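# Breakdown of the fold
Residue strings, one per chain:
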Amino acid sequence: MIAAGILGTGAALPEKVITNQDLEKIVDTSDEWITSRTGIKARRQAGPDQTTSSLSVEAASKALEMAGLTPSDLDLIICSTISPDMPLPSTAAYIQSKLGARDCCAFDLAAACSGFLFGMTVAEQFIKTRKARHVLVIGAEILSRYVDYKDRATCVIFGDGVAAGVLGPVEAPSGMLAAEMHTNGGFADHLYIPAGGVLKPASCETVRAGEHYIKMNGNELFKVAVRSMEDVSRRVLEQAGVSVRAIDLFIPHQANQRITDAVRERLGVCPEKVYANISRLGNTSSASIPICLDECVRSGRIQKGNLVLMAAFGAGVTWGAVLMRW
Ligand code: ACO
């Protein structure tokens, strides 16, 4: 049986940095509150000319270069995003065209912050069954376009960013060892954008009411996030027959440093084995795990043979984990 592994990674971040001090000037908040409640000090914001597809092409090109592949080698493109360029067509279609890839299958996947791990899990099925050899999985978000900068509960959290991984067949013992995806729609109304869809089409009234912005009941999600990320991490470890102590690196979705700390403590992972960049980048939703991965690969924090555990939680609610040997 062949295994799916990551052959290359790449990231693209907008240059503009929004600090907590910048937010203090526009909304009733403080650096002290944001830092102590979330661990976030700064986040990036895309410029008017940057789009989800344009940053994706930048990230994908770097990932392909690291993998030693060209766009024409791709058999499948999966773009995980909840902030697409347009409702129609898929952002993946634009990425394919802008990259100059051939007419392989390309589609978007909407699983919010769990999206990159969902994308990896889908890609693994194609690779293992030999339906595809090289799959580009992208986590891409420009959430600043959906954030209400008058709502202090959300504008301090989210940041923009994109990262990509090229997956392909690898030799044992490398590759994905276990993966799980979960959804519980019972919590759907805790993180949502009320208008702009079929239920409530965009109108002057919905815009006036700010219903095109993200609404979040963060407090409720916090508890579910900690429980589900712990649970799904344990499940993939058990499936692979791997102990927590054997993990070399734990990359959780960067939702809130307090969530990361709680999950880490419950799992019993030592702090040195946990990667975090939330202080610099905030919550970039589906881009958060692949950005971390890319930083770890390029800095040498991930070495061949390392056991890497990734776990995510997001709107839907969705959650999942992937355990892989690099
Ligand atoms: N600055 C100052 N005060 C604030 C701010 C702010 N930016 N935001 C909220 N407050 C206030 C609230 O109004 C409240 O005041 P009150 O007690 O007078 O009513 C108080 O702080 C506490 O508010 P909580 O919402 O209870 O704060 P909490 O400690 O829960 O932190 C946070 C909020 C950071 C959003 C946290 O709940 C969280 O991270 N939740 C998880 C979010 C998540 O995981 N989402 C899913 C992934 S994202 C995705 O899928 C796109």
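Just above, that's the structure.
What comes next concerns the included structure. Computed from a prediction, not measured in an experiment: that's the story for all the values here.

Here the focus is the sheet that holds strand β5 (residues 105-109). With mixed pairing, the five strands of this open sheet are ordered in space as β1-β7-β6-β4-β5. Two strands in the sheet have a free side with no partner beyond their single neighbour: β1 (3-12) and β5. Going across the sheet, the axis of each strand differs from the next one's by a mean of 20 degrees, ignoring polarity. Two elements, strand β6 (residues 135-141) and strand β7 (residues 161-170), share seven bridges in a ladder whose sense is antiparallel. Paired with valine 135 across the strands is leucine 167, a residue of β7. Running over the sheet, helix α5 (residues 115-128) touches β1, β4 (76-80), β5, β6 and β7 and is turned about 170 degrees from β6. Of the strands in this sheet, β1, β6 and β7 are in contact with helix α11 (residues 288-299), which crosses β1 at around 95 degrees.

For the rest of this paragraph, the subject is the nonpolar core. In this structure, Phe250 and Phe313 are the most contacted members of the largest nonpolar core, which totals 43 residues. Looking at which element gives the most residues to this core, the answer is helix α8 (residues 218-240), with eight residues. Two domains each donate at least three residues to this core, and these are domain 1 (3-172) and domain 2 (177-325). If we ignore the near neighbours within four places in the chain, the residues touching phenylalanine 250 are Ser233, Val263, Leu267, Val269, Lys273, Val274, Tyr275, Leu309 and Ala311. Of all hydrophobic cores here, the second largest spans 32 residues; its members include Ala123, Cys296, Val297 and Val308.

What counts, and where the lines are drawn
- Residues numbered from 1 in each chain as written.
- Predicted model: local features only at pLDDT ≥ 70, side-chain atom pairs only at ≥ 80, totals over all residues.
- Heavy atoms only, no water.
- Pairing = 2+ DSSP bridges.
- Helix = DSSP H or I, 4+ residues; strand = E, 2+ residues; numbered from the N terminus.
- Axes fitted to C-alpha atoms, helices over the stretch in contact; angles between N-to-C directions.
- Contact = heavy atoms within 4.5 Å.
- Core = buried A, V, L, I, M, F, W, Y, C linked by side-chain atoms within 4.5 Å.
- Buried < 20%, exposed > 50% of the residue type's maximum accessible area, 1.4 Å probe, protein only.
- Domains from an automatic or database assignment.

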